[in-house]
Amino acid sequence: MNDLTVMTPQLQSRLPRVGTTIFTIMSALASETGAVNLGQGFPDFDCDPALVDAVSQAMRAGFNQYPPMAGLASLRQAIAKKIENLYGAQYDWNTEITITAGATQAIFDAILCCVRPGDEVIVIEPAYDSYIPNILVAGATPVTVAVDADFNIRWDAVAAAITPRTRAILVNSPNNPSGRILQDRDLAILESIACEHDLIVISDEVYEHMVYDGQPHRSACRSPALAARSFVISSFGKTYHVTGWKVAYCAAPAVLMSEFRKIHQFDTFTVNTPVQHGLAAYLADPLPYQNLASFYQHKRDLFRTGLANTRFGLRPCEGTYFQLVDYGDLAVPERTLPEAQFAQWLTREIGVAAIPLSSFYDQPHEQGVVRFCFAKKDETLKLALERLSRL
Ligand SMILES: Cc1ncc(COP(=O)(O)O)c(C=O)c1O
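The shown structure was predicted, so the numbers you read here are calculated from the model rather than taken from an experiment.

Thoughts on the site of the ligand
Item 1. Around the ligand lies a shell of 13 residues, among which Thr 104, Asp 204, Tyr 207, Lys 238 and Lys 246 are the nearest.
Item 2. Contact between the ligand and Ala 103: an oxygen atom at 2.8 Å from a main-chain N or O atom of the residue.
Item 3. Here a nitrogen atom of the ligand and a side-chain polar atom of Asp 204 are 2.6 Å apart.
Item 4. Here the ligand, which alone exposes 400 Å², has 93% of that area covered by the protein.

If you want it as structure tokens, here you go:
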């Protein structure tokens, strides 16, 4: 046999700058060092056993083959009802809602179906880490616009970044990592910019049920003009403490959704049948998602109250299960480290894992801030606070 026949071809990477994500690195470091893992965003507690029962029942009842391509009718009907009750927007469950393999797939498919090579997509930074690689794989160009020092969107900078090639804008409220939420004023400006420049809006609302202090979640679908040009995406993983199930949904007007499904049909086709049955049954009761804000607000308050006794600086947390902290006033020499090194030091030496804020920016961006996830048992948060109070 000629040696050439056993040579692996070289690939020209589609994402040459992408390596292992910081979330994987910090989780691995946390388990290696026995640190409390407040890095990656997932709960360390179980979901409601009733939800597991509903899924197991569906499996035992034989719902184990492909469901319809767009998702189970009963689940899509329940979602359409929920959206109408909460936000007053009417989506046709049959033509305007699709069940996806996590919000990650929904975001990617929304991008893939609306951009062409050479198009530009506005990304507001700090941003969830999949957006930019998704845009690049779609052959489009991400155009980043950083928020201000208080994590408010600089709409004048967004407007200035728009060119004739801009096709879409990605927004995320409640925001990971900043914990900020869009206000009415933000939505009004987004609407006027999107309408003026005929943009598609991809609205990542996976933390829609985690908004605190009595504030409402302002979904892009609340306004008919915005809903008419938006893909609105949410995730059961976040809402029901089942991030590993990777089931989410996307709602959009039929003309947008029919293009979305052309991609979904061939990159995913269908999503886990028994989980969809279980979710459809569970979603009939609004209480679990209605109670989510108070459930997490308690954890937020516990965590913030503990941190208030340390030298960490607390940023506002209006939503999500993330808390940003400034570490520049700590009484240790490591307070001057860049964020990634500080997060590693904190994990190794203090025993609490965090995520550097810089990992949510495409270009180097140091602010002396790290992100903690408070979707943890109260005892986990207390243990982390005990360790952090040494600083
Ligand atoms: C802002 C944001 N969007 C999307 C996702 C992905 O959601 P899913 O796990 O449903 O794919 C996450 C998960 O952390 C997120 O924080």
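Some thoughts on the packing of helix H14 (residues 292–308) against helix H16 (residues 378–388)
A pair of packed helices can be characterised by two numbers: the angle between their axes and the separation between those axes.
Item 1. Direction vectors running N to C along H14 and H16 enclose 15 degrees, while the axes themselves pass 10 Å from each other. Looking at the two axes, H14 sits roughly parallel to H16. Helix-helix and strand crossings are classified by hand; for H14 and H16 the assignment is right-handed. Contacts between H14 and H16 involve His 298, Lys 299, Leu 302, Phe 303, Gly 306 and Leu 307 from the former and Asp 378, Leu 381, Lys 382, Leu 385 and Leu 388 from the latter.
Item 2. In terms of residue class, the contact of H14 with H16 is built from 6 nonpolar, 2 polar and 3 charged.

Comments concerning the confidence of the model for the chain
Item 1. Chain-level pLDDT for the chain is 97 on average; 99% of the residues reach the 70-or-more range.
Item 2. The lowest-confidence element of the chain is helix H1 (residues 22–33), averaging 92 in pLDDT; the highest-confidence one is strand E6 (residues 200–204), averaging 99.

What about empty space enclosed by the protein?
Which parts of space are left empty comes out when a probe the size of a water molecule is rolled across the atoms.
Item 1. Applying the stated rule across the entire model yields 2 cavities of 30 Å³ or more.
Item 2. Computed from the structure, the largest cavity encloses a volume of approximately 60 Å³.
Item 3. Lining the largest cavity, in full, are Ile 83, Tyr 87, Glu 205, Glu 208, Ser 219, Cys 221, Val 232, Ile 233, Ser 234, Tyr 249 and Ala 251.
Item 4. Of all elements in the fold, only helix H3 (73–87), strand E7 (230–235) and strand E8 (248–251) reach the threshold of two or more residues within the lining of the largest cavity.
Item 5. The leading source of residues in the lining of the largest cavity is E7, at 3 residues.
Item 6. Its residues assigned to classes, the lining of the largest cavity shows 7 nonpolar, 2 polar and 2 charged.
Item 7. If you go around the second largest cavity, the residues you meet are Val 171, Ser 173, Leu 182, Leu 187, Ser 203, Glu 205, His 217, Arg 218 and Ala 220.
Item 8. Each residue belonging to the lining of the second largest cavity can be placed in one class, and the counts come to 4 nonpolar, 3 polar and 2 charged.

Topic: the pattern of salt bridges
Item 1. Applying the stated criterion across every chain yields a total of 10 salt bridges.
Item 2. For the salt bridge of Arg 218 with Asp 184, the shortest nitrogen-to-oxygen distance reads 2.7 Å. Within this pair, whereas Arg 218 is found in the loop between E6 and helix H9 (224–227), its partner Asp 184 is found in helix H8 (residues 184–196), the two being separated by 34 residues in sequence.
Item 3. Since its relative accessible area comes to 10%, Arg 218 is described here as buried.

Focus on the layout of surface pockets
Item 1. Quantified by volume, the largest pocket comes out at close to 710 Å³.
Item 2. Around the largest pocket, the lining comprises 30 residues; the ones closest to its centre are Arg 17, Val 18, Asp 129, Ser 359 and Tyr 361.
Item 3. The set of elements that each furnish at least two residues to the lining of the largest pocket consists of H1 and helix H6 (131–137).
Item 4. Per-element accounting of the lining of the largest pocket gives the leading share, 4 residues, to H6.
Item 5. Looking at the lining of the largest pocket residue by residue, the class counts come to 17 nonpolar, 8 polar and 5 charged.
Item 6. Its boundaries defined by the atoms lining it, the second largest pocket holds a volume of some 550 Å³.
Item 7. Along the wall of the second largest pocket there are 26 residues; nearest its centre are Gly 41, Thr 104, Tyr 128, Lys 238 and Lys 246.
Item 8. Listing elements by their share of the lining of the second largest pocket, those giving two or more residues are helix H5 (102–114) and helix H10 (236–239).
Item 9. The greatest single-element share of the lining of the second largest pocket, amounting to 4 residues, is contributed by H5.
Item 10. Broken down by class, the residue content of the lining of the second largest pocket amounts to 9 nonpolar, 12 polar and 5 charged.

Considerations on unusual backbone geometry
Item 1. Here the bond from Ser 173 into Pro 174 is cis, since omega is -10 degrees, no more than 30 degrees from zero.
Item 2. Cis rather than trans, the peptide bond between Asn 176 and Pro 177 has omega equal to 15 degrees.
Item 3. Within the secondary structure, Pro 177 sits in the loop between strand E5 (166–172) and H8.
Item 4. Here Asp 198, not a glycine, exhibits a phi torsion of approximately 55 degrees, which is positive.
Item 5. With respect to the helices, strands and loops of the structure, Asp 198 is situated in the loop between H8 and E6.
Item 6. Owing to a relative accessible area of 46%, Asp 198 belongs among the partly exposed residues under this scheme.
Item 7. Its identity as a non-glycine residue notwithstanding, Asp 213 has a phi of 60 degrees, on the positive side.

What counts and what doesn't
Residues numbered from 1 in each chain as written. Predicted model: local features only at pLDDT ≥ 70, side-chain atom pairs only at ≥ 80, totals over all residues. Heavy atoms only, no water. Near = heavy atom within 4 Å. Polar contact = N/O pair within 3.5 Å; in protein donor to acceptor, adjacent residues only side chain to side chain. Areas by Shrake-Rupley, 256 points an atom, 1.4 Å probe, with all protein chains shown as cover. Axes fitted to C-alpha atoms, helices over the stretch in contact; angles between N-to-C directions. Helix = DSSP H or I, 4+ residues; strand = E, 2+ residues; numbered from the N terminus. Parallel < 35°, antiparallel > 145°, perpendicular 65-115°, else oblique. Left-handed = near helix turned anticlockwise from the far one by under 90°. Contact = heavy atoms within 4.5 Å. Nonpolar A, V, L, I, M, F, W, Y, C, P; charged D, E, K, R; others polar. pLDDT = per-residue confidence, 0-100. 1 Å grid on protein atoms, 1.4 Å probe; cavity = no way out; pocket = protein on both sides within 12 Å on 5 of 7 lines; lining within 4 Å. Points joined across faces, edges and corners; volume = space filled by probe spheres on them. Salt bridge = Lys/Arg side-chain N within 4 Å of Asp/Glu carboxyl O. Buried < 20%, exposed > 50% of the residue type's maximum accessible area, 1.4 Å probe, protein only.

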